[in-house]
Amino acid sequence: MENIAKEKFILVQQDEVLYDERIKTKSIGYYKDAFLRFKKNKASVIAAIILIFLIIMAIVGPFLSSYNLFDVNAKWSARLNDMPPKIEGLEWLGFNGEKQLTGYPENFSNIPNGIVLRITGRNNIGQITVVVDYYAYINYIYSCEIDTATQDFTTSSYTNLTISEYEAVRAAEAATGDTIILEDAPLVAGSYLVRVDYYKFLYHIYDVQEPAFWFGSDPQGRDLFTELWKGARLSLLIAFSVALINILVGIIWGSISGYFGGTVDLVMERISDILAGLPFMAILTLLLLRYGNSPGVVIVAFTLTGWLGIASLTRAQFYRYKNREYVLAARTLGASDSRIIIRHIFPNAVGTLITSLVLYIPAVIFSESTFSFLGIINYAENTSVGRLLSTGQSVMKESFYQVLFPSVFISLLMLSFNLFGNGLRDAFNPSLRGVEE
Amino acid sequence: MRRYILKRIGLIFVTATIIIFLVFYFVKSLPTYNRVMLGVDPETFYLIQEREGYNRPVVEQFFIWIGNIIEDGTLGRSFTIKRDISNILIERIPISMRLNIFPYVLSLPIGIAFGIWAALKKNKLTDQLISIGVIILISVPSFVIATMLQYYVVYIFEWIDTPFVASDLDFALNPLRGVTSYFMPMFVMLLSGVASLTRITRAELTEVLTQDFMLLCRTKGLTKRQATFRHALRNAMVPIAPSIIGGFISIMSGSLVIERIFRVPGIGGVYLEAFQNQDYPLIMALMMFYTVIGLAASLIVDLSYGVIDPRIRVGAGKR
């Protein structure tokens with residue numbers, strides 16, 4: 001070994017400048033890292049997709065159906081109450097517009113063929129249960145129902161038209177050649193009591209196509225599909241604004257309280273303590289009684305004490321980080337308080353805060369829908385998922401779909417929010433994963 | 001310890017007084033307060049005014065109100081039920097308690113058992129099934145569960161013939177029917193109690209099980225079961241036990257949702273009625289009731305923390 005001649009050695013880099021080896025892979029930042037971890041959690045990804053779908057539906061859903069007879073004429077829309085769900089092409093899934101009715105056999109004996117689909121049972125007082133094509137049945141009831149005993153048309157077969165409506169019907173008949181009025185009557189006390197083909201009447205006068213409610217209709221004859229997404233939109237809107245306000249207030253309050261400590265902290269903590277003792281229900285009821293039932297008041301009620309949790313979370317984070325060496329270093333270099341708070345301590349808390357925000361939103365939706373179910377929140381102009389459920393509950397025996405669709409919606413929304421939030425928490429804070437997976 | 005307890009009670013007392021005063025002030029200054037009073041017949045109205053010191057400053061009215069509670073034990077007179085509010089509370093609170101206590105007590109062993117089971121079988125099939133169940137039960141609102149239960153049990157399967165709880169009269173006539181009518185509300189409450197307890201037990205226990213001293217326990221020869229039940233569970237229960245003890249106080253307050261859906265004539269139903277009828281004295285009394293219950297529960301939680309884990313005494317001075 002010692003005998004190798006010196007000149008046999010060549011310097012590898014005689015003239016070259018030495019560089020570090022270039023990093024081959026892309027650098028992965030905090031958020032990218034979190035996103036990569038999040039993607040691995042299949043349940044959360046699915047939940048996120050469902051969530052996005054529900055949010056999009058809440059925005060566009062109310063515009064998908066053009067049916068608005070209730071707003072145009074509540075009297076005629078009330079005749080289309082509690083209609084079962086019907087979607088063309090989805091009949092096999094139960095969206096077939098069929099409904100069970102119970103009555104004595106003679107109640108159904110005059111009905112023309114094709115409306116009563118099948119007899120499913122009879123009880124011990126002689127009544128039978130039949131399944132009817134409810135859409136056709138309603139048209140029959142309001143156009144040409146015949147009383148079994150007298151063999152005359154029943155009172156519900158007649159429609160009371162105002163003069164202007166009567167003239168509009170006559171004009172439509174003349175224009176299209178369609179027969180709308182089945183039995184004419186003279187003008188009595190400012191109105192015409194005539195028999196009309198009800199669906200044709202709706203079509204020609206109110207431009208309602210032969211009705212087919214996708215999710216059925218409610219006891220006032222409103223389209224449940226539209227109402228559900230309207231309620232969803234309002235719930236989400238309230239939840240998002242409440243979460244946003246609470247996060248903002250909570251972060252600012254918690255940062256100041258946690259960073260400065262001492263007397264400032266003590267005073268702020270006592271204020272928080274008293275606010276925390278106020279029962280949420282008391283705040284909500286008092287505000288609603290005083291300022292009326294509107295989404296704005298509800299948002300205020302939720303935000304009055306809602307930020308306390310976020311504030312104490314932020315405060316704890318600040319207590320944890322404010323005495324670290326790197327903060328001291330920053331201060332030595334002359335960084336101002338606000339710079340240290342915003343640039344050096346706060347980013348540590350971002351992951352936790354995003355997670356708590358995502359898990360906070362379903363909690364708001366939960367209590368908003370609970371209180372509107374109870375009738376404490378009862379918006380004058382808007383519907384809400386809770387209210388749909390509570391009206392549906394009273395007619396649940398006959399029209400189960402009226403509870404089913406809002407129930408499925410709210411459960412799906414809550415479930416996907418919670419799964420999504422859990423996924424986010426695991427992604428942002430892998431150390432918590434062992435604790436609660 | 002005695003000093004600590006006294007300090008906590010004192011603090012709670014101050015907070016309660018401030019909150020109740022705030023609520024009282026707000027209720028009294030509602031613009032519609034006197035409008036509803038006019039519906040009461042003039043003689044009673046005059047008596048109520050006399051006793052509760054109307055037309056005096058609100059602060060003074062507050063002291064009169066408190067004085068009435070202490071002297072006569074009366075919380076004022078309800079406009080709509082037309083009775084003394086104390087009597088209404090005394091009548092309705094036991095109904096709520098009767099309904100709540102059974103699911104609450106039953107949920108403790110079930111919830112803790114599921115939590116332990118899931119924690120021991122962490123990341124195995126058992127754990128995953130339990131976790132899925134828990135997240136579903138926590139996410140789906142109880143009014144949805146209750147409604148579905150009513151529909152299927154009463155209308156589809158017809159196991160129970162009424163969706164609502166039986167009144168006292170029905171109960172006396174047919175005790176069996178009365179008892180079965182309580183199954184559904186209790187079941188719904190049991191489900192949500194079990195779900196939250198399972199979740200928290202599992203979380204706390206998994207955290208303890210990963211700590212170093214558990215390894216020591218195993219090394220010194222304890223079986224997994226012994227180590228879990230003798231050492232891990234005790235530590236895991238430290239944060240859970242206080243909230244369980246505090247929960248006993250909350251039994252009194254009843255559940256608004258359950259009482260509405262199953263038509264339970266408990267305290268929650270009174271609240272909804274009072275709200276709908278704008279029965280302000282009743283609302284006022286109920287809010288005081290809820291505030292006191294809430295604060296008492298948090299006091300109990302804090303105190304039992306102090307007993308169970310002396311390291312975390314709130315406001316116990318500098319350590």
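In this numbering scheme, every chain counts its residues from 1 along its sequence in written order. Labels are handed out in written order, letters beginning with A for the chains and numbers beginning with 1 for the ligands. Local features are withheld for residues below a pLDDT of 70 in this predicted model, meaning they are given only at 70 or higher, and side-chain atom pairs are given and counted only at 80 or more; totals for whole chains, interfaces and linings count all residues. To obtain the side-chain values, all non-hydrogen atoms of the structure were used and water was disregarded.

A.B. asks: So, the overall build of chain A: which residues are in play, and what are the values?
C.D. replies: Only DSSP runs of H or I covering at least 4 residues are called helices, and only runs of E covering at least 2 are called strands; the numbering of each starts at the N terminus. A tally of regular secondary structure across chain A gives 16 helices and seven strands. Here the globule rule is a power law, 2.2 Å times the number of residues to the power 0.38, and the radius of gyration is based on C-alpha atoms. Computed over C-alpha atoms, the radius of gyration of chain A comes to 33 Å, more than 25% over the 22 Å expected from 2.2 N^0.38 for 437 residues, which places it beyond the range of a compact globule. Dimensions of chain A along its principal axes, counting C-alpha atoms only, are 125 × 70 × 50 Å. Remark: exposure states derive from per-residue accessible area (1.4 Å probe, protein chains only) relative to the maximum for the residue type, with buried under 20%, exposed over 50%, and partly exposed in between. For chain A, the residues scored as buried account for 47% of the 437 residues in total. Of the roughly 22,900 Å² of accessible surface on chain A, a fraction of 60% belongs to carbon and sulfur atoms. Only the protein chains shown count as covering a residue, and every accessible area follows the Shrake-Rupley method with a 1.4 Å probe.

A.B. asks: Please provide a residue-by-residue account of unusual backbone geometry, values included.
C.D. replies: Residues and elements named next belong to chain B. Even without glycine at this site, asparagine 123 takes up a positive phi of about 65°. When you line up the elements, asparagine 123 lands in the loop between helix H5 (85-120) and helix H6 (125-139). By relative accessible area, asparagine 123 is classed as partly exposed at 42%. Positive phi values are uncommon outside glycine, yet arginine 263 reaches one of about 55°. Position of arginine 263 relative to the elements: it lies in the loop between helix H13 (256-261) and helix H14 (267-277). Owing to a relative accessible area of 54%, arginine 263 belongs among the exposed residues under this scheme.

A.B. asks: Provide a residue-level description of the interface of chain B and chain A, including the pertinent values.
C.D. replies: With 46 residues of chain B at the interface, the matching set in chain A holds 42 residues. Buried area, as used here, totals the accessible surface that two parts lose on assembly, with accessibility defined by a 1.4 Å probe and the loss added over both. Taken together, both faces of the contact between chain B and chain A bury some 4,000 Å²; the carbon and sulfur share is 74%. When the buried surface of chain B facing chain A is broken down by residue, Phe143, Arg260 and Phe275 of chain B rank first, second and third, together holding 16% of it. If you list the elements that add at least two residues to the side of chain B that touches chain A, you get helix H1 (2-28), H6, helix H7 (142-156), helix H10 (183-209), H13, H14 and helix H15 (280-308) of chain B. With nine residues, the top contributor of residues to the side of chain B that touches chain A is H7 of chain B. Residue contacts are defined here by distance: any two heavy atoms, one from each residue, within 4.5 Å place the two residues in contact.

A.B. asks: Explain a nonpolar patch on the surface to me, using residue names and the numbers behind them.
C.D. replies: Residue and element names in this part refer to chain B. A cluster of nonpolar side chains, contributed by Ile101, Phe102, Val105, Leu106, Ile110, Phe114, Trp117 and Phe248, occupies part of the molecular surface with about 680 Å² of accessible area. If you tally residues by element for the nonpolar patch, the top one is H5, at seven residues. In this fold, isoleucine 101 is placed in helix H5. A residue is classified by how much of its surface remains accessible, and isoleucine 101, at 38% relative accessible area, is partly exposed. Each patch groups residues whose relative accessible area exceeds 30% and which form no salt bridge, using 9 Å between like charges and 5 Å between nonpolar side chains of Val, Leu, Ile, Met, Phe, Trp and Tyr. Throughout this description, the term salt bridge denotes a Lys or Arg side-chain nitrogen within 4 Å of a carboxyl oxygen of Asp or Glu.

A.B. asks: Can you explain the pattern of salt bridges? Please cite residues and give values.
C.D. replies: Side chains carrying opposite charge are able to pair once their charged atoms draw close together. Residues and elements named next belong to chain A. In the structure shown here, the tally under the stated rule is eight salt bridges over all chains. With a shortest N-O distance of 3.0 Å, aspartate 33 and arginine 37 are connected by a salt bridge. Note that aspartate 33 and arginine 37 are positioned in helix H1 (residues 30-40) at a spacing of four residues, about one turn of the helix. On the accessibility criterion, aspartate 33 (29% relative accessible area) is partly exposed. Here the residues in one salt-bridge network are Asp265, Glu269 and Arg315, joined through shared partners.

A.B. asks: Describe in detail the pairing of strand E7 (residues 191-196) of chain A, supporting the description with residues and values.
C.D. replies: Residues and elements named next belong to chain A. The element E7 is extensively covered by neighbouring structure, given that five of its six residues are classed as buried. Here a strand pair is declared whenever DSSP counts at least two bridges between the two strands. Of the pairings in the sheet, the one linking strand E4 (residues 159-162) to E7 comprises four bridges and is antiparallel in character. Within E7, the residue paired with asparagine 160 across the bridge is leucine 193. Bridge count between strand E6 (residues 187-188) and E7: two bridges; the pairing is antiparallel. Within E7, the position partnered with leucine 187 by the bridge is tyrosine 192. With antiparallel pairing between neighbouring strands as the criterion, E6 and E7 make up a hairpin whose turn holds two residues, including alanine 189 at a positive phi of roughly 50°.

A.B. asks: Tell me about the confidence of the model for chain B, residues and numbers included.
C.D. replies: Residue and element names in this part refer to chain B. A score from 0 to 100, pLDDT tells how confident the predictor is in each residue. Within chain B, residue pLDDT values average 82, and 92% of them lie at 70 or more. Residue range residues 315-319 is modelled with pLDDT below 50. Its contacts to residues more than four positions away, or to other chains, number four contacts. For this predicted complex, the interface confidence score (ipTM) comes to 0.85, while the overall pTM stands at 0.84.

A.B. asks: Just give me the short version of a positive patch on the surface, but keep the residues and values in it.
C.D. replies: Taken together, the side chains of Lys121, Lys124, Arg218 and Lys224 of chain B define a basic patch exposed on the protein surface. For arginine 218 of chain B, the location among the structural elements is in helix H11 (residues 212-219). For this count, His and the chain ends are skipped, Lys and Arg are scored as positive, and Asp and Glu as negative. Working definition for charges: the position is that of NZ of Lys, CZ of Arg, CG of Asp or CD of Glu.

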